[in-house]
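Per-entry structural report
Listed below are the residues making up each chain.
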Amino acid sequence: MSSEHAKIHVRGLKKSFGRKTVLDGIDFDVAKGESLVIIGGSGSGKSVTIKCVLGLIQPDAGVIEIDGEKATSLSGRERDQLMAKFGMLFQGGALFDSMTVWENVAFRLIQERSHSRKQAREAAIETLGMVGLGGDVADLLPSEVSGGMMKRVALARAIAARPDIIFFDEPTTGLDPITADVINDLIVSVREKLGLTTVSITHDMASVRKIADRVAMIHQGQFIWTGSVGDIDNSGSEYVDQFIHGRAEGPITMDIRKP
Amino acid sequence: MNPLAAIGRTFLAFLASTGRMALFAGLGIFHCIVPPWYPRLVLRQIMDIGYFSLPVVGLTAVFTGMVLALQSYTGFSRFEAEGAIASIVVLSVTRELGPVLAGLMVAGRVGAAIAAEIGTMRVTEQIDALTTLSTNPFKYLVAPRLIAATVTLPLLVLVADIIGVMGGYVVSIHKLGFNPTSYLANTFDILEVMDVVSGLVKAAVFGFLIALMGCYHGYHSKRGAQGVGQATTYAVVSGSILILTFNYIVTEMFFSR
């Protein structure tokens, strides 16, 4: 895919922490409206990849373009404009615990001063409705809602300002299988309803099969396989096979001392 | 292990962390000056840092003034210099004890709270969430705390000065049998504007340092409960040491000849 047609265009992305190389030349493109899911073992660089694209971590080298425009080394205002295109669902929700649910959801609307507090509250309740939550939770604090509801509130916050691109960091981690499936369904429905481009990272293969159009597997700082979700069972890659079947034996080895 | 190499490594690490702190302070000041500002957050911090610290600062000041009067009497009565007690109390409280003790108490109460709050936000990715919501964490978290602490501590110290002097007055009059009129006359005769102003300037510097250390250590908190606990400890210890260091520097600036 040429960079003009890609919503997200990444080439040669590298990042090291001290002597440890985490990303060693990552290349990928995500088309408008596409859902890319990045899979890989713990510590393989999945989170670092999306944090580099989001600008939360400065990469050592590489090109990142969003809608054909460079996304690295931006000034404050340019960075704010770029951030307006992004939404992010963090693994633990990352809700602001000193604010109520509706203030969390409407945070960006209030900060941008595009809405009065009354309008922002109404917009927050409408967005909460899109993730299956009623107005009765609006005045609760994040500590007063369950894990599944917290993820839904975090999803509502991510989509409240109607971004173009959403990043999901392990959206179903820590949830029971039924709640996880509800979250997966919500991700698919808001993506279709709002025409979003999404990049997700997950270990959860049920989630991969439900939300992905395309899957990329990262290992030792590189994408070792990329393909459509329908091809994942016949990838021809031993690494992918080992990962999706959750086998301890295979080319991916853990640094665990045998008893 | 080569002991010289260990000393060198420690020294280099100290220089590196001093540099990081200086850059953090510079960035913090920049975001205090350049809009957008968050006046609601500044007001909330003024309440947290100032209003809710009043009891602890007031209690510290009153007992300090009382003990100072008692101890001065014990020493000065040997030389029949009891008349100097009012001067000793008012000068010690306004120049030194008011700002330093209030600063240390606030470093313990507020510095720790700031480090714990921002540290928890760091480890739960709330600071990253701020960035993804187009909000600069320095403007939203650091600048309001720096402004509030710098503005509020002088007010707290002014209250501490008054309460501390009153503490000395109460002990001197009711326990040591001083004449109230002459005690107050001695107090106001010796007191100069610069005595109070130097204390308030110190308080502003201490307020900035307390908030800076709380924000810096919280912002760079390592993961987990231990990381946040460590950040809190560092904030209080480094804040307290900086208060004592800058107390000497500011005193030198005001009173050296």
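What you see as residue numbers is a count from 1 along each chain, following the sequence as written. Chains and ligands are labelled sequentially in the order written, the chains with letters from A and the ligands with numbers from 1. Two thresholds apply to this predicted model, a pLDDT of at least 70 for residue-level local features and 80 or more for giving and counting side-chain atom pairs, whereas whole-chain, interface and lining totals are computed over all residues. Excluded from the side-chain calculation are hydrogens and water; included are all heavy atoms of the structure.

This next bit is on the sheet that holds strand β7 (residues 165-169) of chain A. All names here are of chain A. Spatial strand order, β6-β7-β8-β3-β9-β10: 6 strands in an open sheet with mixed pairing. Edge strands, defined here as strands with exactly one partner in the open sheet, are β6 (86-89) and β10 (222-228). Across the sheet, the axes of successive neighbouring strands diverge by a mean angle of 15 degrees, strand direction being ignored. Pairing between two strands requires that DSSP report at least two bridges joining them. Under the DSSP-based scheme used, a helix requires at least four consecutive residues in state H or I and a strand at least two consecutive residues in state E, with every element numbered from the N terminus. Throughout, an axis means a line fitted to C-alpha atoms (over the contacting stretch in the case of helices), and angles, computed between N-to-C directions, take values from 0 to 180 degrees.

One less than the residue count of a helix, multiplied by 1.5 Å, gives the span that helix is expected to have. Here helix α6 (residues 147-159) of chain A contains 13 residues, and its C-alpha end-to-end distance of 19 Å stays within 8% of the 18 Å for a straight helix at 1.5 Å per residue. Listed in full, the buried residues belonging to α6 of chain A are Gly-148, Lys-151, Val-153, Ala-154, Leu-155, Ala-156, Arg-157, Ala-158 and Ile-159 of chain A. Burial here depends on accessible area, computed with a 1.4 Å probe over protein chains only, as a share of the maximum for the residue type. Under 20% is buried, over 50% is exposed, and the range in between is partly exposed.

What follows covers the packing of helix α1 (residues 3-33) of chain B against helix α8 (residues 193-219) of chain B. The description of two packed helices rests on the angle between their axes and on the distance between the axes. All names here are of chain B. Look at α1 against α8: their axes get within 10 Å of each other, and the N-to-C directions meet at 110 degrees. What the angle tells us is that α1 and α8 run roughly perpendicular. Taken as a pair, α1 and α8 cross one another with a handedness that is right-handed. Two secondary-structure elements touch here, α1 through Ser-17, Arg-20, Met-21, Phe-24, Ala-25 and Ile-29 and α8 through Phe-208, Leu-212, Met-213, Cys-215, Tyr-216, His-217 and Tyr-219. When describing relative orientation, an angle under 35 degrees is termed roughly parallel and one over 145 degrees roughly antiparallel, while 65 to 115 degrees is termed roughly perpendicular and anything else oblique. In a left-handed crossing the near helix is turned counterclockwise from the far helix by less than a right angle, and in a right-handed crossing that turn is clockwise. Should any heavy atoms of two residues lie within 4.5 Å, those residues are counted as being in contact.

In this complex, chain B contributes 16 residues to the contact, which on the side of chain A involves 23 residues. Both sides of the chain B and chain A interface together cover about 1,700 Å² of buried area, and 56% of this is carbon and sulfur. Throughout this description, the term salt bridge denotes a Lys or Arg side-chain nitrogen within 4 Å of a carboxyl oxygen of Asp or Glu. Inspection of the region where chain B meets chain A yields 2 salt bridges. A salt bridge links Lys-51 of chain A to Glu-125 of chain B; the shortest N-O distance between them is 3.1 Å. Among the elements that make up the side of chain B that touches chain A, the one with the highest residue count is helix α5 (residues 126-132) of chain B (6 residues). A class-by-class count of the residues in the side of chain B that touches chain A yields 7 nonpolar, 6 polar and 3 charged. The term buried area means the drop in 1.4 Å probe accessible area that two parts suffer when joined, counted for both and summed. Put simply, Ala, Val, Leu, Ile, Met, Phe, Trp, Tyr, Cys and Pro go in the nonpolar bin, Asp, Glu, Lys and Arg in the charged bin, and everything else, Gly too, in the polar bin.

Okay, the environment of Thr-120 of chain B next. Residue and element names in this part refer to chain B. Structurally, Thr-120 can be placed in helix α4 (residues 85-123). In this structure, the C-alpha to C-alpha distance between Thr-120 and Gln-71, residues 49 residues apart in sequence, is 44 Å. The term polar contact refers here to a pair of N or O atoms within 3.5 Å; inside protein, the definition further demands a hydrogen-donor-capable atom paired with an acceptor-capable atom, and it admits residues adjacent in sequence only when both atoms are side-chain atoms. Only 2.6 Å separates the side chain of Thr-120 from the backbone oxygen of Ala-116, close enough to count as a polar contact.

Okay, the packing of aromatic side chains next. For any pair of aromatic rings, the description rests on two quantities: the centre-to-centre distance and the angle between the ring planes. Stacked, edge-to-face and tilted labels apply to pairs of Phe, Tyr and Trp rings (six-membered ring for Trp) whose centres lie within 6.5 Å, assigned for plane angles under 30 degrees, over 60, and everything in between, in that order. Scanning the entire structure with this criterion turns up 14 aromatic pairs over all chains. Measuring from centroid to centroid gives 5.2 Å for Tyr-38 of chain B and Tyr-140 of chain B, while their planes differ by 80 degrees, and the two rings are edge-to-face. Taken as a pair, Tyr-38 of chain B in the loop between α1 and α2 (39-49) and Tyr-140 of chain B in helix α6 (residues 137-174) lie far apart in primary sequence, 102 residues in all. Each of the two residues, Tyr-38 of chain B as well as Tyr-140 of chain B, counts as buried. Feature note: the residues Phe-96 and Phe-107 of chain A together with Tyr-38 and Tyr-140 of chain B constitute an aromatic cluster, connected by ring pairs.

All right, on to the side chain of His-219 of chain A then. Residue and element names in this part refer to chain A. Of note, His-219 is situated in strand β9 (residues 214-219). Owing to a relative accessible area of 15%, His-219 belongs among the buried residues under this scheme. The residues touching His-219, leaving out its near neighbours within four places in the chain, are Ile-224, Tyr-239 and Ile-252.

Geometric descriptors of this kind do not, in isolation, establish any biological role.
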